[in-house]
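Structural description and commentary
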Amino acid sequence: MAGETLVTVVGNLTADPELRHTATGLPVAGFTIASTPRVFNRERNEFVDGEPLFLHCSLWRQAGENAAASLTKRMRVIVTGRLRQRTFDDKEGQRRTTVEIDAEEVAASLMYARAAVTKTYRPGTTPQSGPAPTPGSAVGDTGRARGQATPEPHPF
């Protein structure tokens, strides 16, 4: 949508992602990342941590389920999404405003870690056949003209 503020933030998870479901059964993972700037202090001749920025993130549907199953506290992650401002009343009745990220993509940072990726498949698809066949079509029928090459499946 035009006019939305898109951001990419790198930081560390402050806790394991928490997977919840809406009243309609839609999964959403909630987690907080701490992004701490580092600056070089010339007087001390060393890097010094700045003030951390804590951002709550929400990741919906299958991606949220994958994040909850894959990510853990203290992991360094890269989050891309839409910056949202939300106003609410706290337990004491005080009006509060918070800034959060409605995440579109979350990935483990490989700056200080290694990762092994396991492909998940959407319902109705399989690793061998791709989309499930529709009634009246043959497995593997992609609607291509006869004699046209079929591309190799993606390795993951």
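Our subject is the structure listed above.
This section reports on the structure supplied with the text.

Rules and cut-offs
Residues numbered from 1 in each chain as written. Predicted model: local features only at pLDDT ≥ 70, side-chain atom pairs only at ≥ 80, totals over all residues. Heavy atoms only, no water. Helix = DSSP H or I, 4+ residues; strand = E, 2+ residues; numbered from the N terminus. Contact = heavy atoms within 4.5 Å. Areas by Shrake-Rupley, 256 points an atom, 1.4 Å probe, with all protein chains shown as cover. Polar contact = N/O pair within 3.5 Å; in protein donor to acceptor, adjacent residues only side chain to side chain. Phe/Tyr/Trp six-rings, centres within 6.5 Å; stacked < 30°, edge-to-face > 60°. Buried < 20%, exposed > 50% of the residue type's maximum accessible area, 1.4 Å probe, protein only. Core = buried A, V, L, I, M, F, W, Y, C linked by side-chain atoms within 4.5 Å. Salt bridge = Lys/Arg side-chain N within 4 Å of Asp/Glu carboxyl O.

What follows concerns the overall build of the protein chain. Scanning the protein chain from N- to C-terminus turns up one helix and ten strands. Secondary structure elements in the protein chain, listed N-terminal to C-terminal, are β-β-β-β-β-β-α-β-β-β-β. Nonlocal contacts in the protein chain, meaning residues at least 24 apart in sequence, comprise 54% of its contacts between residues at least 6 apart. Accessible surface for the protein chain amounts to roughly 12,100 Å². Of this, 52% is attributable to carbon and sulfur atoms.

What follows is about the side chain of Glu-100. Within the secondary structure, Glu-100 is located in strand E8 (residues 95–108). A distance of 2.8 Å separates a polar atom in the side chain of Glu-100 from a polar atom in the side chain of Arg-86. What Glu-100 contacts, discounting residues up to four positions off in sequence, is His-56, Arg-82, Leu-83, Arg-84 and Arg-86.

Attention shifts here to the packing of aromatic side chains. According to the stated counting rule, one finds one aromatic pair in the structure shown. The interplanar angle of 70° and the centroid separation of 5.2 Å between the aromatic rings of Phe-40 and Phe-47 together place this pair among those described as edge-to-face. Exposure remark for Phe-40: the relative accessible area of 41% places this residue in the partly exposed category.

Among the nonpolar cores identified, the biggest contains 14 residues, and Phe-31, Ile-33, Val-79 and Ile-101 are the most heavily contacted of them. Among the elements of the structure, strand E1 (6–13), strand E3 (27–35), strand E6 (53–60), strand E7 (76–89) and E8 are those that each provide at least two residues to this core. The contact partners of Ile-33, leaving out residues within four places of it in the chain, are Val-9, Gly-11, Asn-12, Leu-13, Thr-14, Leu-53, Phe-54, Leu-55, Cys-57, Val-77 and Val-79.

Turning to the pattern of salt bridges, a few remarks are in order. Counted by the stated rule, this structure contains ten salt bridges. A salt bridge links Arg-82 to Glu-4, with the shortest nitrogen-to-oxygen separation between them at 2.3 Å. One end of the pair, Arg-82, is in strand E7; the other, Glu-4, is in the segment before E1, and 78 residues separate them in sequence. Its relative accessible area of 18% is what places Arg-82 among the buried residues. Measuring nitrogen to oxygen at the nearest pair gives 2.8 Å for the salt bridge that ties Glu-100 to Arg-86. Note that Glu-100 is positioned in strand E8 and Arg-86 in strand E7, a separation of 14 residues in sequence. In this structure Arg-86 comes out as partly exposed when scored by relative accessible area, which is 38%. One continuous salt-bridge network, built from bridges that share partners, spans Glu-4, Arg-82, Arg-84, Asp-102 and Glu-104.

Another aspect to go through is the environment of Ala-113. Structurally, Ala-113 can be placed in the loop between E8 and strand E9 (125–126). Residue classification places Ala-113 among the partly exposed positions, given a relative accessible area of 43%. Spatially, the C-alpha atoms of Ala-113 and Met-75 are 8.8 Å apart, while their sequence positions differ by 38 residues.

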